[in-house]
Amino acid sequence: VHYEQSKGSELDAEMMKASGTPVIRDGISWSSVEREKGVYDFSKSDEFIPLLEEYGIEPLLVVSSYNLGNDLYLDENGDRLMRSEEQIEAFSDFVLAAVKRYPQVRKWEILNEPNFLMTGEEYFNIIYTTAKKIKEYDPTVEVYAGGLAIYDNKNFINGFYVEKLYPYVDGISYHHYNHWRYADCPEYYATTDEIIDIMLREGGWKNLIITETGYST
């Protein structure tokens, strides 16, 4: 629906309720909310989150969903992709502010398809710092690593999903698009099996959720 991008309406909420949709995935963009350092403008999400609550639809919110980083926080090379300590601290502070503002939101996903833009080790620094802050504030909030694109998942997950992270995340989310095979063929599930193997190796079962999917007919 993309309420964050002003593409959703009350009619969408009505239709989702009528169809029995219990949960939708939407987002909050860091660069849209923090346009002045340390000042957060949640006016857009202040509109759609109460609307979803009114219609009994639970949001799973991805932070920095379509626009990673923030031009207020560039590293020494002019890069916005959250590699420096300052960038990561600023991002995690923004996420914590969002979690505090919306106690009714119980599921949070940290970044969208980070494996297109950074290494697993770089993502670990972001997800570990952010998830730890959330869990220290409210251990009952669910935190999901990933929003992973179906691209080099095994190497990327090996880089971030390590034992140190295990206590602070509730699972991994990923996107499973398949443009050249039917969804029920064995290859479709290969990525899922790889994620499960890594998850079990690093501490045991956690939730595994698909937050985007599709395949060609």
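Structure's up top.
Calculation rules
Residues numbered from 1 in each chain as written. Predicted model: local features only at pLDDT ≥ 70, side-chain atom pairs only at ≥ 80, totals over all residues. Heavy atoms only, no water. Axes fitted to C-alpha atoms, helices over the stretch in contact; angles between N-to-C directions. Helix = DSSP H or I, 4+ residues; strand = E, 2+ residues; numbered from the N terminus. Parallel < 35°, antiparallel > 145°, perpendicular 65-115°, else oblique. Left-handed = near helix turned anticlockwise from the far one by under 90°. Contact = heavy atoms within 4.5 Å. Nonpolar A, V, L, I, M, F, W, Y, C, P; charged D, E, K, R; others polar. Expected span 1.5 Å × (residues − 1). Buried < 20%, exposed > 50% of the residue type's maximum accessible area, 1.4 Å probe, protein only. Salt bridge = Lys/Arg side-chain N within 4 Å of Asp/Glu carboxyl O.

Engineer: Describe in detail the packing of helix α6 (residues 153-160) against helix α7 (residues 190-201), supporting the description with residues and values.
Structural biologist: Contact pair α6 / α7: the axes reach a minimum separation of 10 Å and the direction vectors enclose 20°. In terms of orientation, α6 lies roughly parallel with respect to α7. Taken as a pair, α6 and α7 cross one another with a handedness that is right-handed. For the pair α6 and α7, contact is made by N153, K154, I157 and N158 and by T191, E194, I195, I198 and R201, respectively. Across the contact of α6 with α7, the residue classes tally to 3 nonpolar, 3 polar and 3 charged.

Engineer: Go over helix α5 (residues 120-137) with me, naming the residues and quoting the values.
Structural biologist: For α5, with 18 residues, the first-to-last C-alpha span of 25 Å sits near the 26 Å given by 1.5 Å per residue. Of the positions making up α5, those classed as buried are G120, Y123, F124, I126, I127, Y128, T129, T130, A131, K133, I134 and K135. Where the residues of α5 are buried, they touch α4 (85-101), β3 (107-110), β4 (142-148) and α6.

Engineer: Quick one: what's the story with the packing of α5 against α6, residue by residue and with numbers?
Structural biologist: Packed helices, taken two at a time, are described by the angle between their axes plus the distance between the axes. It is the contact of α5 with α6, at a shortest axis distance of 7 Å, that shows an interaxial angle of 45°. Classified by the angle between their axes, α5 and α6 sit oblique to one another. When the axes of α5 and α6 are compared, the crossing they make is right-handed. Judged by residue contacts, G120, E121, Y123, F124 and I127 of α5 engage F156, G159 and F160 from α6. The residue inventory of the contact of α5 with α6, partitioned by class, reads 5 nonpolar, 2 polar and 1 charged.

Engineer: Explain the pattern of salt bridges residue by residue, including any values.
Structural biologist: Under the counting rule described, the total for this entry stands at 14 salt bridges. Residue K37 is joined to E86 by a salt bridge in which the shortest nitrogen-to-oxygen separation is 3.5 Å. Residue K37 is located in the loop between α2 (30-33) and α3 (43-54), and its partner E86 is located in helix α4; the two are separated by 49 residues in the primary sequence. Taking relative accessible area as the criterion, E86 reaches 43% and is therefore assigned partly exposed.

Engineer: Could you give an account of the environment of V169, with specific residues and numbers?
Structural biologist: Structurally, the position occupied by V169 is in the loop between α6 and β5 (171-178). Placed 24 residues apart in sequence, V169 and A145 show a C-alpha to C-alpha distance of 6.8 Å. Not counting the four nearest positions on each side in its chain, V169 is found in contact with I127, A131, V143, A145, Y161 and K206.

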